[in-house]
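Listed below are the residues making up each chain.
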2 protein chains.
Amino acid sequence: MALKHSKQRDMIKDFLMSRKDHPTADVVYMNVRQIQPNISLGTVYRNLTLLADIGEIQRLRLGDGVDHFDADISEHYHFVCNDCGGVIDLEMENIDSIQEVAQKKFDGHITGHVTHFYGTCNCCMKAVK
Amino acid sequence: MALKHSKQRDMIKDFLMSRKDHPTADVVYMNVRQIQPNISLGTVYRNLTLLADIGEIQRLRLGDGVDHFDADISEHYHFVCNDCGGVIDLEMENIDSIQEVAQKKFDGHITGHVTHFYGTCNCCMKAVK
DNA sequence: ATAAAATCAGTAATCGTTACTGATATCGAT
DNA sequence: ATCGATATCAGTAACGATTACTGATTTTAT
């Protein structure tokens, strides 16, 4: 069950690395199809899942019912704009201490957390004016 | 478009209030059907959405692809067990300060955050022994 | 009681995603 | 370089959660 090289997988990862807006599977499909017109949506899903499983990309569940994907696998947080739905990387200091706060009165074992922030992005704030 | 009273909606909310494990729409349906056998799954979904919209219950998106519902609308955090999938309320001090941490270098406006914790619950830790 | 309209049960449709199928591409061994 | 095993493919069907539709039934203000 060794992993074999595939042109399609490369294209998917290359496309993802070229974007910093965390596209969905469908957006990946639309774009990769521009240069590889006969690629299948199933192939996109399969490879995104595979790449996420082997840790080369990150799957983001941001509560909008659709999975987003991010080629940046470093630990970082995301902001989701309530107006435009855009997803933006946040540069911020580490907040892992919230796990210790949560652990204090809890008898299970906390190993991680999922956090994202929401509000209005700079772009949408300007648009209102 | 005034809200009218409905027996079905009451039963759904009553059931939800009787549980602290944050059931899914399907679980609500299964249980309410025990006492109201001809209730429709669509009715359950419609009323859960309506109750959430008017703020009487909370919709939880915990990343497992299914919506969970909680009659406790106070702000509180949840723990999701990686082993059994169970959802447990956490008693913990306020961590809203993470929003200020996130805001520091961000030019949009952060109004909220979504956080949940994961790991192994006490029950599953004992089961391993 | 009556009538307008919110709600219902039942079912079909939608959407994101996954599974299946027979064909194709990759890659280590020859 | 070619072979054979098998991972991957394109295409499509199936899936599960959720939403939308429809004509019948309840609710509630008059």
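What you see is a predicted model, and the numbers here were worked out from it, not measured in a lab.

Observations regarding the domain arrangement of chain A
All names here are of chain A.
Part 1 of the argument: Each assigned domain of chain A is listed here: domain 1 (7–70) and domain 2 (77–128).
Part 2 of the argument: The distance between the C-alpha centroids of domain 1 and domain 2 comes to 23 Å.
Part 3 of the argument: Here domain 1 packs against domain 2, burying approximately 530 Å² in sum over the two surfaces, 59% of which is carbon and sulfur.
Part 4 of the argument: Of all residues in domain 1, H22, L60 and L62 bury the most surface against domain 2, accounting for 68% of the area lost on that side.
Part 5 of the argument: Inspection of the region where domain 1 meets domain 2 yields zero salt bridges.

Let's talk about the state of the cysteines
Part 1 of the argument: Tallied over the entire structure, the rule returns zero disulfides over all chains.
Part 2 of the argument: Unpaired in terms of disulfides, A:C121 finds its nearest cysteine sulfur in A:C124, a separation of 3.8 Å.
Part 3 of the argument: Residue B:C123 stays outside any disulfide, its sulfur separated by 5.2 Å from that of B:C121, the closest cysteine.

Observations concerning the pairing of strand 5 (residues 109–120) of chain A
Part 1 of the argument: With four bridges joining them, strand 3 (residues 77–81) of chain A and strand 5 of chain A adopt parallel strand pairing. Within the sheet, the bridge partner assigned to A:F79 lies in strand 5 of chain A and is A:F117.
Part 2 of the argument: The pairing of strand 5 of chain A with strand 5 (residues 109–120) of chain B spans 11 bridges and is classified as antiparallel. Bridge assignment links A:H113 to a residue of strand 5 of chain B, and that residue is B:F117.

So, the interface of chain B and chain A
Part 1 of the argument: Between chain B and chain A, the contact holds 34 residues from the first and 34 residues from the second.
Part 2 of the argument: Across the interface of chain B and chain A, roughly 2900 Å² is buried in total on both sides, 64% from carbon and sulfur atoms.
Part 3 of the argument: Connecting chain B to chain A are two salt bridges.
Part 4 of the argument: The salt bridge partner of A:K104 is B:E93, with a shortest N-O separation of 3.0 Å.
Part 5 of the argument: When the residues that make up the side of chain B that touches chain A are grouped by side-chain class, the tally is 15 nonpolar, 13 polar and six charged.

What to know about the protein's contact with DNA strand D
Part 1 of the argument: In the region of DNA strand D, 20 residues are neighbours, and A:K4, A:S6, A:T43, A:R46 and B:Y45 sit closest.
Part 2 of the argument: Here a phosphate oxygen of DNA strand D and a side-chain polar atom of A:R46 are 2.4 Å apart.
Part 3 of the argument: Of all elements in the fold, only helix 1 (7–17) and helix 3 (41–53) of chain A together with helix 3 (41–53) of chain B reach the threshold of two or more residues within the surface near DNA strand D.
Part 4 of the argument: A per-class count over the surface near DNA strand D returns seven nonpolar, eight polar and five charged.

Some words on the relation of the copies chain B and chain A
Part 1 of the argument: Superposing chain B onto chain A takes a rotation of 180° plus a shift of 0.0 Å along the axis, which leaves an RMSD of 0.1 Å. Accordingly, the operation relating the two chain copies is best matched by a two-fold axis. Of the C-alpha atoms belonging to chain B, the one lying closest to the rotation axis is found on B:T115, 2.2 Å away.

Focus: the protein's contact with DNA strand C
Part 1 of the argument: Surveying the vicinity of DNA strand C reveals 20 residues, the closest of which are A:Y45, B:K4, B:S6, B:T43 and B:R46.
Part 2 of the argument: Here DNA strand C approaches the protein such that, of its atoms within 4 Å, sugar and phosphate make up 77%.
Part 3 of the argument: One nitrogen or oxygen atom from the main chain of A:D67 is found 3.0 Å from a phosphate oxygen belonging to DNA strand C.
Part 4 of the argument: Within the residue set of the surface near DNA strand C, elements represented by two or more residues are helix 3 of chain A together with helix 1 (7–17) and helix 3 of chain B.

A short note on the side chain of A:D70
Residues and elements named next belong to chain A.
Part 1 of the argument: Relative to the helices and strands, D70 resides in strand 2 (residues 67–70).
Part 2 of the argument: Among buried Asp, Glu, Lys and Arg side chains, D70 stands out as unpaired, with R19 the closest opposite charge at 10 Å.
Part 3 of the argument: A polar contact of 3.0 Å, which involves the side chain of D70, links it to the side chain of H76.

Structural notes on the nonpolar core
Part 1 of the argument: Counting residues in hydrophobic clusters, the biggest one holds 27 residues, and the most contacted among them are A:F79, A:L90, A:M92, A:F117, B:F79 and B:F117.
Part 2 of the argument: Going through the elements one at a time, strand 3, helix 4 (97–103) and strand 5 of chain A together with strand 3 (77–81), helix 4 (97–103) and strand 5 of chain B are the ones with two or more residues in this core.
Part 3 of the argument: Ignoring sequence-local partners within four residues, the contact set of B:F79 consists of A:F106, A:H109, A:I110, B:G86, B:V87, B:I88, B:L90, B:F117, B:Y118, B:G119, B:T120 and B:C121.

Reading guide: rules and limits
- For every chain, the first residue of the written sequence is number 1, and numbering continues from 1 along that sequence.
- Written order decides the labels, with chains lettered from A and ligands numbered from 1.
- Side-chain atom pairs in this predicted model are given and counted only at pLDDT of 80 or more, local residue features only at pLDDT of at least 70, and totals for whole chains, interfaces and linings cover all residues.
- The side-chain values count all of the structure's non-hydrogen atoms but skip hydrogen atoms and water molecules.
- All the domain ranges listed were derived from an automatic or database domain assignment.
- Buried area: the accessible area, evaluated with a 1.4 Å probe, that two parts lose upon being put together, summed over both parts.
- For this document, the term salt bridge refers to a Lys or Arg side-chain nitrogen within 4 Å of an Asp or Glu carboxyl oxygen.
- Only a pair of cysteine sulfur atoms within 2.5 Å counts as a disulfide in this structure description.
- One requirement defines pairing of two strands: DSSP has to find at least two bridges between them.
- Where helices and strands are cited, they refer to DSSP runs of H or I of at least four residues and of E of at least two residues respectively, numbered from the N terminus.
- By the convention used here, residues are in contact when the closest approach between their heavy atoms is within 4.5 Å.
- The nonpolar class holds Ala, Val, Leu, Ile, Met, Phe, Trp, Tyr, Cys and Pro. Asp, Glu, Lys and Arg form the charged class, and all remaining residues, Gly among them, are polar.
- When at least one non-hydrogen atom of a residue lies within 4 Å of a molecule or strand, that residue is treated as near it.
- We define a polar contact as two N or O atoms separated by no more than 3.5 Å, with the added condition that, inside protein, one atom must be a possible hydrogen donor and the other a possible acceptor, whereas residues neighbouring each other in sequence contribute only through side-chain atom pairs.
- In superposing the copies, a least-squares fit is computed on C-alpha atoms, taking residues whose pLDDT is at least 70 in both.
- Per-residue accessibility, obtained with a 1.4 Å probe over protein chains only, is compared with the maximum for each type, and a residue is labelled buried under 20%, exposed over 50%, and partly exposed between these values.
- Charged residues are defined narrowly, with Lys and Arg counted positive, Asp and Glu counted negative, and His plus the chain ends left uncounted.
- Note on terminology: a nonpolar core comprises buried Ala, Val, Leu, Ile, Met, Phe, Trp, Tyr and Cys residues joined through side-chain atoms within 4.5 Å.

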